[in-house]
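One letter stands for each residue in the lines below.
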Amino acid sequence: MATLFESIIAGDVPGRFVWADDLCVAFATIEPTSPGHVLVVPRCPYPKWTDAPAPVAAHLASVAQTIGAAQEDAFGVPRAGMAIAGFDVPHLHLHVIPLRDHTDILLSKAAPAAPAELDEAVAVLRAALVARGNGANVPADPSSAALG
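Just so you know, these numbers come straight off a predicted model, no measurement behind them.

Cut-offs applied
Residues numbered from 1 in each chain as written. Predicted model: local features only at pLDDT ≥ 70, side-chain atom pairs only at ≥ 80, totals over all residues. Heavy atoms only, no water. Pairing = 2+ DSSP bridges. Helix = DSSP H or I, 4+ residues; strand = E, 2+ residues; numbered from the N terminus. Contact = heavy atoms within 4.5 Å. Expected span 1.5 Å × (residues − 1). UniProt positions renumbered as here; feature names shortened; annotations may be inferred. Core = buried A, V, L, I, M, F, W, Y, C linked by side-chain atoms within 4.5 Å. Buried < 20%, exposed > 50% of the residue type's maximum accessible area, 1.4 Å probe, protein only. Salt bridge = Lys/Arg side-chain N within 4 Å of Asp/Glu carboxyl O. Phe/Tyr/Trp six-rings, centres within 6.5 Å; stacked < 30°, edge-to-face > 60°. Axes fitted to C-alpha atoms, helices over the stretch in contact; angles between N-to-C directions. Arc of directions from axis to C-beta.

A. Region of the structure containing the pairing of strand β1 (residues 17-20). Sheet topology note: the β1/strand β2 (residues 24-28) ladder contains 3 bridges and is antiparallel. Within the sheet, the bridge partner assigned to F17 lies in β2 and is F27. Adjacent in sequence and paired antiparallel, β1 and β2 are bridged by 3 residues.

B. Region of interest: the environment of E72. Relative to the helices and strands, E72 is located in helix α2 (residues 54-75). Counting along the chain gives 27 residues from E72 to L99, while the straight-line C-alpha distance between them is 8.3 Å. Ignoring any residue separated from it by four or fewer positions in sequence, one finds E72 in contact with V77, P78, R79 and A80.

C. Structural context of α2. With 22 residues, α2 extends 31 Å between its outermost C-alpha atoms, agreeing within 8% with the 32 Å of an ideal straight helix rising 1.5 Å per residue. Taken together, the buried residues of α2 touch β1, β2, β3 (38-42), β4 (79-84), β5 (94-99) and α3 (115-131). Looking one or two residues beyond α2, the residue adopting positive phi is G76, at roughly 60°.

D. Highlighting the UniProt feature "domain: HIT" (unreviewed entry) in the protein chain. Those places that UniProt annotates as "domain: HIT" (unreviewed entry) correspond, in this numbering, to residues 4-107. Between the C-alpha atoms that bound residues 4-107 there is a distance of 18 Å. The span itself is 28% helix and 25% strand.

E. Structural view of the nonpolar core. Within the largest apolar cluster, 23 residues are counted, with the highest numbers of intra-cluster contacts made by V18, W19, V40, L60, I67, L125 and L129. For this core, the secondary structure elements donating two or more residues are β1, β2, β3, α2, β5 and α3. Among the elements that make up this core, the one with the highest residue count is α2 (6 residues). Core analysis: the second largest hydrophobic core is formed by 11 residues, I9, L39, V89 and A145 among them.

F. Layout of the pattern of salt bridges. Here the structure, examined in full by the defined rule, presents 4 salt bridges. The residue R100 makes a salt bridge to D104 at a minimum N-O spacing of 2.7 Å. Note that K109 is salt-bridged to D104, the shortest N-O span being 2.9 Å. The structure contains a network of salt bridges with shared partners spanning R100, D104 and K109.

G. Expanded view of the packing of aromatic side chains. Here the structure, examined in full by the defined rule, presents 2 aromatic pairs. Ring geometry for F5 against F27: centres 5.5 Å apart, planes inclined by 65°, an arrangement best described as edge-to-face. You can see F5 sitting in helix α1 (residues 4-10) and its partner F27 sitting in strand β2, a full 22 residues away along the chain. On the basis of relative accessibility, which here comes to 5%, the residue F5 falls in the buried class. Put simply, the rings of F5, F17 and F27 touch in pairs and so form one group of aromatic residues.

H. Just the sheet that holds β2, in detail. Pairing is antiparallel across the open sheet formed by 5 strands, whose spatial order is β1-β2-β3-β5-β4. The strands lining the two open edges of the sheet, one partner per strand, are β1 and β4. Pairwise comparison of adjacent strand axes, ignoring direction, gives a mean angle of 20° for this sheet. Where β4 lies against β5, 6 bridges are found, and the strand directions are antiparallel.

I. A look at α3. Compared with an ideal rise of 1.5 Å per residue, which puts 17 residues at 24 Å, α3 spans 24 Å between its outermost C-alpha atoms and is within 8% of the ideal. Within α3, the full set of buried residues consists of L118, A121, V122, L125, R126, A128 and L129. An end-on view of α3 places all buried positions within 160° of arc, on one side of the element. Away from its buried face by more than 90 degrees, α3 exposes A116, E120 and A131. Buried residues along α3 sit in contact with β1, β2, β3 and α2. Taken from the residues just after α3, G133 is the one with a positive phi, measuring 90°.

Take a look at the structure:
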């Protein structure tokens, strides 16, 4: 049975994508801790972080760092944070979160966001990624994980 994230990547469940490459995608979580909170998710459904081959884990961390730098620009925050938990969906994912203060990293404070808020945050983050020279990895259609 496919995980929720496999269904989002396949387009069977709606998603708001900010990144796509051969190994992973990044899309907005519907329950952010702060505006611009995204998930970096490998296309292959490793159940947890420790199951991923080292090169895949390194790639996910690199993409998360790139997105985090764009979040700092896009949302005017002093830093971006990353968390790995994975209890809700058994498919490895990295939370990349714009941090105004230390409480924004607390996944327990995640709450549903309105679709318009998610759309706005994704648009701002996608523009920041393009401005930082990562346009080749920003999907043309924000609702699709398709490559270039």
